[in-house]
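What follows is the residue order along each chain.
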Amino acid sequence: MSAAIIDGKAIAADLRARVTAEVARLSAAHALTPGIAVVLVGNDPASEIYVRTKTRQVVETGMRLFDHRLPASAGEDELLALVARLNADPAVHGILVQLPLPPQIDAQKVIAALDPSKDVDGFHPLNAGRLARGLPGLVPCTPLGCIILAKTVRPSLVGLDAVVIGRSNIVGKPLAQLLIAESATVTIAHTKTRDLPTLCRSKDLLFAAMGRPEMVKRDWIKPGATVIDVGINRVTTADGKSRVVGDVAFEEARTVAGAITPVPGGVGPMTIACLLVNTLRAACAARGLAAPSV
Ligand code: NAP
C-alpha cells in the first residue's frame, strides 16, 4: 500500500487564489481593502525568510501590507507603542508580530497587547479562550491548515480517533480544540506520555507536532490512517548536506498510511494561506460583513 500524498502546496495555492478573488470582490463591492501589518524585530535569519514569504503572498492577494522593522535592540516599550498605533489604525485589520522576539521583550505581554479582533495569528488569550469555549474567533493558522488538509481526504472527521503529539499553545492545544469542534475523539500526547507507538497505532488521524526529526515510524501508524506532519527540522545528512525533514519518517510511513503530508510542501504553505484567510475574516468582521466563504 502506498499513501496518497496530500499536496499542501497545491491546496494552499488554491486557497490563496480564492482569497485573492475575495479581496477583489470586497474592494469592488464595499471599497474595502484588507490590510495586514507585519512586524519583524531584529534579524533572525529564519524569521526574515518567513516574513519575506508572508509579505510577498500578502501583496499577491491584493491586500495592503504595512511592513514594520525594528532593530534587535528595540525595547519592549517601543514595540508596545507600535502595537498600540496599529491597534488604532482602521486601515490595519490584522497584526502579525513575528516570533521569536529578542530576549529583552516579553512575547506574552506583546501578544496580550494586541487588539484581539486584529490578532490574525490567533495567539491572544481571548481568542484561545473563545476556541476552547467553541465560540467564533481568530484561530491559529498552523492548526487551521492541518484541519483543512485532513479534510481534503476525510471530509468528515466525526467520530474518528485522533492523536495530536505535542501540546504547545501555537500548535498542539489549538489543534486538539479544532478536532473536538469537528467531533473527533482526541488524545493529546507529550513527553510524559507512556508507550506512544502503541497509543498512536489505534488512531485514524495522527498529527505530529513535536519538533523531533522523523520520530514517528512505520509501526506507529494504523494501516490507512491519515498522517499530518507539522514538524520542520533541519538535519545534516551523511554527505554533510543540510535538508528539512518532518516529525514523521516519511518514506516508511507512506507504505502504511492512507494519506500523508510531505515536508516540505505539506503543512508549511497552509500556515501562510490561513494567515491570509484570517486577515480577510478580520477585515470583514471590522466592517460588519459576513465571514467570507473561502
Ligand atoms: P514546541 O513548542 O517545542 O512543542 C513541542 C511539543 O512536542 C511539546 O508539547 C513537547 O512535549 C512535545 N514533544 C517533544 N518531544 C517529544 C517526544 N519525544 N515525545 C512526545 N512529545 C514530544 O514546538 P511547536 O512550536 O509546537 O512546534 C512543533 C513542530 O512544528 C516544530 O518542528 C516546529 O518547527 C513545527 N512548526 C511548523 C509550523 C508550520 O507552519 N509547518 C508552524 C509551527 C511549528 P512537552 O510539552 O512534554 O515538552
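These notes cover the structure that comes with them. (Residues numbered from 1 in each chain as written. Predicted model: local features only at pLDDT ≥ 70, side-chain atom pairs only at ≥ 80, totals over all residues. Heavy atoms only, no water.)

1. Here's the deal with the environment of Ala 283
Here's step 1: One can find Ala 283 in helix α10 (residues 267-287).
Here's step 2: Judged by its relative accessible area of 0%, Ala 283 is buried.
Here's step 3: In sequence terms Ala 283 and Ser 117 are 166 residues apart; their C-alpha atoms lie 9.2 Å from each other. (Helix = DSSP H or I, 4+ residues; strand = E, 2+ residues; numbered from the N terminus. Buried < 20%, exposed > 50% of the residue type's maximum accessible area, 1.4 Å probe, protein only.)

2. Here's the deal with the nonpolar core
Here's step 1: Formed by 49 residues in total, the largest nonpolar core has its most connected members in Leu 179, Phe 207 and Ile 228.
Here's step 2: Counting residues per element, the ones that place at least two in this core are α1 (8-30), β2 (35-41), α2 (45-61), α6 (141-153), β5 (161-165), α7 (172-181), β7 (205-208) and α10.
Here's step 3: With eleven residues, α10 is the largest single contributor of residues to this core. (Core = buried A, V, L, I, M, F, W, Y, C linked by side-chain atoms within 4.5 Å.)

3. Considerations on the pattern of salt bridges
Here's step 1: On inspection of all chains with the given rule, the structure shows nine salt bridges.
Here's step 2: The shortest N-O distance in the salt bridge between Arg 69 and Asp 67 comes to 3.2 Å.
Here's step 3: A residue is classified by how much of its surface remains accessible, and Arg 69, at 46% relative accessible area, is partly exposed.
Here's step 4: The closest approach of N and O atoms between Glu 182 and Lys 151, which form a salt bridge, is 2.9 Å. (Salt bridge = Lys/Arg side-chain N within 4 Å of Asp/Glu carboxyl O.)

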